[in-house]
Amino acid sequence: MDSEKLLFIIVLMVTCTIFKAGEFAEIPHYFGTTDNKEANSPHVQVKQKRDGLTKLWTVSFDIELKSSGQNDTKGMRSALNASIFLFQLENTVNFTEVNITTVCYQNGTGFQCKCEEPLAWSYNSCVAYTPCDDIIQGTCRCIDAVPSNGHRCKPQLPTEIKLDYDIDIEVTVSDIAVINNLRNILVTTPFPYPLSNAIEIIGVNLTTVCYPNGPGFQCICEEQFAWSYDSCVAYTPCDDIIQGTCRCINGIPSDGQFCQLRPNENATISSHPATLLDSTTLGLTMQNVTSTDAATTYTAAKQSVSSAVTGSVTSSSTMSPVTGRFKLQMSFSMLRNFTEDLKDPATMMYKNLKINIESALCEKYKAISGFIRVEVTNFRPGSVITDFLLHTNQLNSTEIATANNELVADLVTRGYNADSDSFQGVLHGPEPFTKNYEMIYPGNTMELTCMVPESMQKGTVSWFVNDIAVYNDTKYTITNSTLKLTVKDIRTDDSGTYRCSMKDAILIFLHEELINVTNVVAPIVKLSRWQLNSPCDSIEEISLECCVTYNNIDDIEAKWMAIVELSTNVLPESNIKCFVHSFNTEQGRCDPKIFTCQVKNRGKIISEVKATLNFFSGAPECNSIPYGSGKEGDTAVVCCRENFEGTITARCLQGVWVIVADNCILSEIIRLQNVSKNLNEITVPVFLEELKNTTENLQNEIENSTATISAIVDILSRISAITQTINSDVMTNVLKTVTILVSDQSEKSWAELNSNTETQNTSSALLESVEKIAENLLSDSFKISTKNIELSKTTFTSTFSTSLNSSQILIPNQGLPINTGITLIVFTTLEFVLPSRSTGNSVNNSINGIVMLVYVNETINNVSMTFDKISKTKGNNQCIFWNFKLFQGIGGWDSTGCQLQSETNDSVTCSCNHLTSFSILMSPFVPESIEVALNYITYFGVNISVGSLVLCLIIEAFVWSVVTKNSTSHMRHVTIVNIALSLLIADIWFIIGAAVSNVGQDTPKNACSAATFFIHLFYLALFFWMLISALLLFYRTMMVFSHMSKRTMMAIAFTVGYGAPLIIALITIAVTAPKNGYFRQDDACWLNWYQTDALLSFVIPALIIVVVNLLILIVVLYKLLMRGVGENRQSEEKNALLVIARCVAVLTPIFGITWGLGIGTMVAPANPGVHITFAIFNSLQGFFILIFGTLLDSSVRTVIMGKCLFLPKTCNRIRSTSAGASSWAAHFRRGRKNFYNVSEATSSSQSSESFINNVAL
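Small disclaimer: the values here were computed from a predicted structure and weren't measured.

### So, the state of the cysteines
Right, on to step 1. Going through the model one piece at a time under the given rule, you end up with 17 disulfides.
Right, on to step 2. Covalent S-S linkage joins cysteine 210 and cysteine 219, the inter-sulfur distance amounting to 2.0 Å. Judged by the torsion about the S-S bond (110°), the cysteine 210/cysteine 219 disulfide is right-handed. Accessibility assignment for this pair places cysteine 210 and cysteine 219 in one class, buried.
Right, on to step 3. In this model cysteine 546 forms its disulfide with cysteine 597; the gap between the sulfur atoms is 2.0 Å. The sign of the S-S torsion, about -75°, decides the handedness of the disulfide formed by cysteine 546 and cysteine 597: left-handed. Taken together, the residues cysteine 546 in strand E35 (residues 541-549) and cysteine 597 in strand E39 (residues 593-601) connect sequence positions 51 residues apart.
Right, on to step 4. Residue class for cysteine 546 comes out buried when judged on its relative accessible area of 0%.

Next up, the structure:
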């Protein structure tokens, strides 16, 4: 078909189409355009131009042709290219242009439609029908289908041009308020901020502030910005260069450069993306000019405002929300197989999936407040994990979660199954940490606050230092409420990367920052008054002074601040600057005021010290020059005297200022303490030499200053933490320094330190420091001796034995390596330095020997040490060592692994299975204040007891033949005789034991062991015979019809009464004697308690018998009170049972109370009442047995009275007593039964028994 025929066919088709279309609508505006947005063919687009009564119409048609081959398409394309338009159809209708737009051809089972140049498919068509080429600027040239809605290729619209501008604006101001107001505006203004339909501002940042500094200028970067390395070098940095940048330079760059974003920061400045327009949009698109991040520089031109401008750029320690732009790294998982094509962005599968996912993401995330754009960045395996970036100016976790849920539903409609639980998002916070100080010195407490967006401040923050998680401990404190990390006592090796992490429902916030701890010694800041008081009903001028001591004092600036900056006068000296502010109080204004001295080093805040002014009403009750005025109970805190740093706290009590805390430290020690915070292995020796010289020169001041002693201990602790090798010279300096600290003149200071809960671990820290330093001694052998410390460093091969300052140590052969090093340090004055707190928690303990530190770099299982006693008075000595972990880390004495091997009146030998710092701890048995009184009570009581027991045995022998007629009475008197005899023998051995253990002489081991054995044996026999009495009472009361022979009862009684005590006593001595723990050392011969608990072999059986006897007594009394019990028993037997019951009822509690008090003397050795009561009861036990076991027995009294009738001259007293007792008994019977029957005693046993029966019933 030739071109002319083809052209004619086209014109004919157009004409037919016009007639078919019928009528056309008039467009109601000039030069307007209407678009039917790809209506079904034929597509008509009409344009009009009206000039007077003439109308000009422009009509566009879409015509669809079907061809059987590509030659027809090529021929039509050639004919159209060769045709010259205008082509006139009639006088009023012209063809202006005819173009081929779309060519579709079969491709496999479907079709592929391509656009002719310069036409393209719209974005919607590209996405809906799968593009077969790239989507560029929202269009494509090929799709894999014939659109069902009749859409065809359209002309490519002019690309909307978006230009991003970075504008630097330089402003000169003289008022600090301008900067502050602008900063507030930027914080509160949401971005992007539209200026017109075509222009918007994405963000504005302050970057640089320059202010006069002497003859020149100093330019400081705002947070997140920094000077380049070239600018730092060219203009001299006024702070540290970190990672090739600095934040302050001494000059204004002549090339117009200003601060730039710091490296590795998430930029808050980025281009606005081009908006994808629908392909059917026609007409002119205006140029969209977007101003991004106008960096504003303020240059102060007037010297008078330099101070104000400086204050305006300092970092704040309060938490504020992040207002910049956010870039969230997000991901989710789709349940589909991952293929290798998804790893290559050039593959069609990658492109198609990215287009579809981005389309869904954009559709759902655009509803998020502050949304800018979203872009897919990657696909990863794990099903298919989609990584994408969400750019937004606002952050709202709730909106993101909602968008995620809607996205899942939308992806399902697109054929993708997304896991709704797989969404994750990470926000790398752009805002730096808020720090309490801009320059961090060693020893400071650093506070870092994580700047998390307000909408995320819901979770728990985690902190990492150099990728290691940190938790709450003595160094780190995490405060979740303010997202703050506090690092105490910071050191140079704490420099590194600090990272905070926080997670809310779906997002994880991360921010990390390099923190540098300077190695420069910190300035010393001192206030004249830290807390003062003033009457609120008068006007008073108050002067506040803040003095800073520093080597480079010219770098220091300070000012007083309340709510606003206060006027400050500077009083410079050589290396000190004092900043003074005078404040006038206002009458009637009684609210407390806080004044802050803010100190800067080269423009960076390094310290903020606060002074508090409190007000009181009425006349002052206390008034003095250093502390000012105040009312009762008011507190004043003032600076220390000359050459000291710190504070003195005083309280107004009864009209006088009383010092309650003195924290003054010698200025020179403060300086050394600051230097010690930055020591290393090289500088330690020289520093210790200086420390030793300083302590010797200031010895008197140090010995009387608790705070200075504590500061020196802190210095030694820091030195001990530095791993190094210590030679003899360095160790000499250490020991000479410690000698000053533990001198006799410092005893009062140590008493105050140990009694204060805040400083009670100082002594433990001192000993631990010396131990750690001693562990690093060279292997050379040497000795060091000071006034109160001796050190010996040597080696040994098999066994080791030596003496050092009257103490001896023996390490037996344990298979140690050849030339094993050993370090011995003996302290002679630590008895008042180390408190006597121990695991026993006794308040009366005292260190009774030197303290010996033993260190061997091998495992030692057996070491023997001998200590001379400091005090030779009686007391219980324990072998102990200092355990640094006791009492929650403050340390205390512990006896674990140590035993007392032997003891003399002068020394104690200990055996331990480990090495550390050893000594002996003495617990006095008796308070010294009552020891004399107890001795007198014991002497008189024992004499009375022995005499009573002898008299008891005589009386029993005197009446034996008369009162033992029946078996019950016989057994009753057998038990009372053996009770008295056992106690008598025990008392005699007690006297013997006291004689052989006199203080001042060596206690004979064999003699004291024998005395202890027999005392133990017969005291136990006393209780077991009491048990026999109770069992006899129980047997006769409960087993009425049981008859046991007298011989059997006697055999059982003597077996239990002496056999059981003998077995217990033999086992006790056999178990404890080999351990040298059978009897007490340096005291009366008696069972040991502190080393082997041998005393329990007496206490436990005795208390068990007391309990059993009381239970038996209760049962018997209950039976006796029951009607009819014992009616058939003879009166004589009833009397015997009642006497036994009375004896058991009285003596059992007495003996129980006595030995219960004995236990009390061990539990509460400082209680004088317990000691005195025990001494009285214990020494009068024999007297109690005589009264309640013998004389209160009416049968005994009757026999004595009867026999005395034959001896009238010698028994008048006895008859009188007996008659009195008989009269009382007769009266008692008459009161109960209204009759009595008293007959004269005769020699006949019948009359005597009659008397007994009548009186007892």
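And the narrative resumes.
### What to know about the packing of aromatic side chains
Right, on to step 1. Inspection of the entire model under this criterion finds 19 aromatic pairs.
Right, on to step 2. The interplanar angle of 40° and the centroid separation of 6.0 Å between the aromatic rings of tyrosine 627 and tryptophan 657 together place this pair among those described as tilted. Residue tyrosine 627 is located in the loop between strand E41 (622-624) and strand E42 (628-630), and its partner tryptophan 657 is located in strand E46 (residues 656-662); the two are separated by 30 residues in the primary sequence. Both residues of the pair, tyrosine 627 and tryptophan 657, count as buried.
Right, on to step 3. Ring geometry for tryptophan 882 versus tryptophan 893: centroids 5.1 Å apart, planes at 85°, classification edge-to-face.

### As for the side chain of aspartate 387
Right, on to step 1. With respect to the helices and strands, the residue aspartate 387 is situated in strand E23 (residues 384-392).
Right, on to step 2. Of note is the side chain of aspartate 387, whose polar atom sits 2.6 Å from the side chain of arginine 380.
Right, on to step 3. Contacts of aspartate 387, omitting those with residues within four sequence positions, involve Met330, Ser331, Glu375, Val376, Thr377, Asn378 and Arg380.

### Some points on the sheet that holds strand E24 (residues 424-428)
Strand pairing in a sheet takes place through backbone hydrogen bonds and is either antiparallel or parallel in direction.
Right, on to step 1. Within the open sheet, the eight strands sit side by side as E22-E23-E21-E24-E32-E31-E27-E28. Their pairing is mixed. Lying at the two open borders of the sheet, with one neighbouring strand each, are strand E22 (371-381) and strand E28 (468-470). The mean angle between the axes of side-by-side strands here comes to 25°, regardless of whether they run parallel or antiparallel.
Right, on to step 2. Alignment of strand E27 (residues 461-465) against strand E31 (residues 496-503), held across five bridges, turns out to be antiparallel. Across the sheet, residue serine 462 finds its bridge partner in E31, namely serine 501.
Right, on to step 3. Helix H7 (residues 348-365) rests against strand E21 (326-334), E22 and E23 of the sheet, and its axis sits at about 145° to E22.

What counts, and at which threshold
- Residues numbered from 1 in each chain as written.
- Predicted model: local features only at pLDDT ≥ 70, side-chain atom pairs only at ≥ 80, totals over all residues.
- Heavy atoms only, no water.
- Disulfide = S-S within 2.5 Å.
- Buried < 20%, exposed > 50% of the residue type's maximum accessible area, 1.4 Å probe, protein only.
- Helix = DSSP H or I, 4+ residues; strand = E, 2+ residues; numbered from the N terminus.
- Phe/Tyr/Trp six-rings, centres within 6.5 Å; stacked < 30°, edge-to-face > 60°.
- Polar contact = N/O pair within 3.5 Å; in protein donor to acceptor, adjacent residues only side chain to side chain.
- Contact = heavy atoms within 4.5 Å.
- Pairing = 2+ DSSP bridges.
- Axes fitted to C-alpha atoms, helices over the stretch in contact; angles between N-to-C directions.

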